[in-house]
Amino acid sequence: ARAAIDAGKHVLCEKPLALDQADARDLLAVAVKRGVVHAVDYEMRYLPAIAYAKELIDEDYLGQLLRVDVTMTLEKPWGREHGNWAADDARGGGILWELGSHFIDILRWWFGDVSAVLADRRTNFPTVKILNASGDGSTIQTVTGDDAFWCVLRFVRGGEAMLNFVSGARYDPGWTIGTYGQAGSLVVQGGGLLGMRDVDRE
């Protein structure tokens, strides 16, 4: 990314943009100085339910935000299906970098800056069996990336979000974002958007 920016090329990065905050800030500063278009590919913003929820939130559908609950449960241990870099912390692997970052981006897009964070991540499955491409054998890979994490975010505008991601649960119900305000609620689940306000009958 740095080489492309130095060459004056526009850059669309996959996440993680960098492996630490200093490198990410450096990339941003150089991109601004060079005047190139730069972005990170947070494509979940363009899911219809997510984008429409943003419109409704901006129209004050929720009223004062009280709380957001985000959950994701994966059936298989993280890294089993992905392996290689996705299970390697040093290469930006782990469920927080790969999936959780999208949801944190959504919440910041919807509700703005965060004033406080409490978080933890862990590796519950330190080794995973990776099937080879032909499917007739497997290898054991050591996992250094996280396969579960949780965090609590407090927003500057008020309200908080709780995120809980776990893999290896032997059942995959998918993911849900539930947003609850003083005047209404919005829930994104399975690609659908549900909403209810005080004035709604159903």
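Just above sits the structure.
Small disclaimer: the values here were computed from a predicted structure and weren't measured. (Residues numbered from 1 in each chain as written. Predicted model: local features only at pLDDT ≥ 70, side-chain atom pairs only at ≥ 80, totals over all residues. Heavy atoms only, no water.)

S.K.: Lay out the sheet that holds strand β10 (residues 184-189) in plain terms, naming residues and giving numbers.
M.R.: Pairing within the open sheet is mixed, and its seven strands lie in the order β4-β7-β8-β3-β9-β10-β11. The two strands at the open ends of the sheet, each matched to only one other strand, are β4 (114-122) and β11 (192-197). Along the sheet, successive strands turn relative to each other by an average axial angle of 10°, direction set aside. In the sheet, strand β9 (residues 174-181) pairs with β10 via five bridges, with the strands oriented antiparallel. The partner of Tyr-180 across the bridge, within β10, is Ser-185. The sheet strands contacting helix α3 (residues 48-58) are β9, β10 and β11, and the helix crosses β10 at an angle near 170°. (Pairing = 2+ DSSP bridges. Helix = DSSP H or I, 4+ residues; strand = E, 2+ residues; numbered from the N terminus. Axes fitted to C-alpha atoms, helices over the stretch in contact; angles between N-to-C directions. Contact = heavy atoms within 4.5 Å.)

S.K.: Give a description of the nonpolar core that names residues and reports values.
M.R.: Ranked by internal contacts, the top residues of the largest apolar core, which has 33 residues, are Phe-103, Leu-107, Trp-110, Phe-111, Leu-163, Phe-165 and Ile-177. For this core, the element with the highest residue contribution is helix α4 (residues 95-111), accounting for seven residues. Look past the residues within four positions of Ile-177 in its chain and what remains in contact with it is Ile-50, Val-68, Asp-69, Val-70, Phe-103, Ile-106, Leu-107, Trp-110, Leu-186, Val-187 and Val-188. In this structure, Val-11, Leu-27, Val-30 and Ala-31 belong to the second largest nonpolar core, which totals seven residues. (Core = buried A, V, L, I, M, F, W, Y, C linked by side-chain atoms within 4.5 Å. Buried < 20%, exposed > 50% of the residue type's maximum accessible area, 1.4 Å probe, protein only.)

S.K.: Tell me about the environment of Lys-9, and please be specific about residues and values.
M.R.: Counting through the fold element by element, Lys-9 comes out in the loop between α1 (2-6) and β1 (11-13). Sequence-distant contacts of Lys-9, defined by excluding residues within four places in its chain, comprise Ala-4 and Val-36.

S.K.: Would you mind going over the pairing of β11 in detail, with residue names and values included?
M.R.: In this sheet, β11 lies alongside β10 in antiparallel orientation, the contact comprising six bridges. The residue of β11 that forms the bridge with Gln-189 is Gly-192. Hairpin connection of β10 to β11: two residues between the antiparallel strands, including Gly-190 at a positive phi of 60°.

S.K.: Tell me about the packing of aromatic side chains, and please be specific about residues and values.
M.R.: Under the defined criterion, the tally for this structure stands at five aromatic pairs. Plain terms: the ring middles of Trp-110 and Phe-111 are 5.9 Å apart, the flat faces sit at 85° to each other, and that makes the pair edge-to-face. Both residues of the pair, Trp-110 and Phe-111, count as buried. On the numbers, 5.4 Å between centres and 55° between planes, the contact of Phe-111 with Phe-155 is tilted. One end of the pair, Phe-111, is in helix α4; the other, Phe-155, is in strand β7 (residues 148-155), and 44 residues separate them in sequence. Since its relative accessible area comes to 4%, Phe-111 is described here as buried. Linked through ring pairs, Phe-103, Phe-149, Phe-165 and Trp-175 together constitute an aromatic cluster. (Phe/Tyr/Trp six-rings, centres within 6.5 Å; stacked < 30°, edge-to-face > 60°.)

S.K.: Describe in detail the side chain of His-102, supporting the description with residues and values.
M.R.: Structurally, the position occupied by His-102 is in helix α4. Residue classification places His-102 among the buried residues on the basis of a relative accessible area of 5%.

S.K.: Any details on the pattern of salt bridges? Residues and values, ideally.
M.R.: Throughout the structure, instances matching the rule amount to twelve salt bridges. Ionic pairing is found between Asp-105 and Arg-45, a salt bridge with its closest N-O pair at 2.9 Å. Placement of Asp-105 in helix α4 and of Arg-45 in the loop between β2 (38-40) and α3 is noted, with a sequence separation of 60 residues between them. Taking relative accessible area as the criterion, Asp-105 reaches 12% and is therefore assigned buried. On the basis of relative accessibility, which here comes to 26%, the residue Arg-45 falls in the partly exposed class. It is possible to trace a salt-bridge network through shared partners that takes in Arg-2, Asp-6 and Asp-26. (Salt bridge = Lys/Arg side-chain N within 4 Å of Asp/Glu carboxyl O.)

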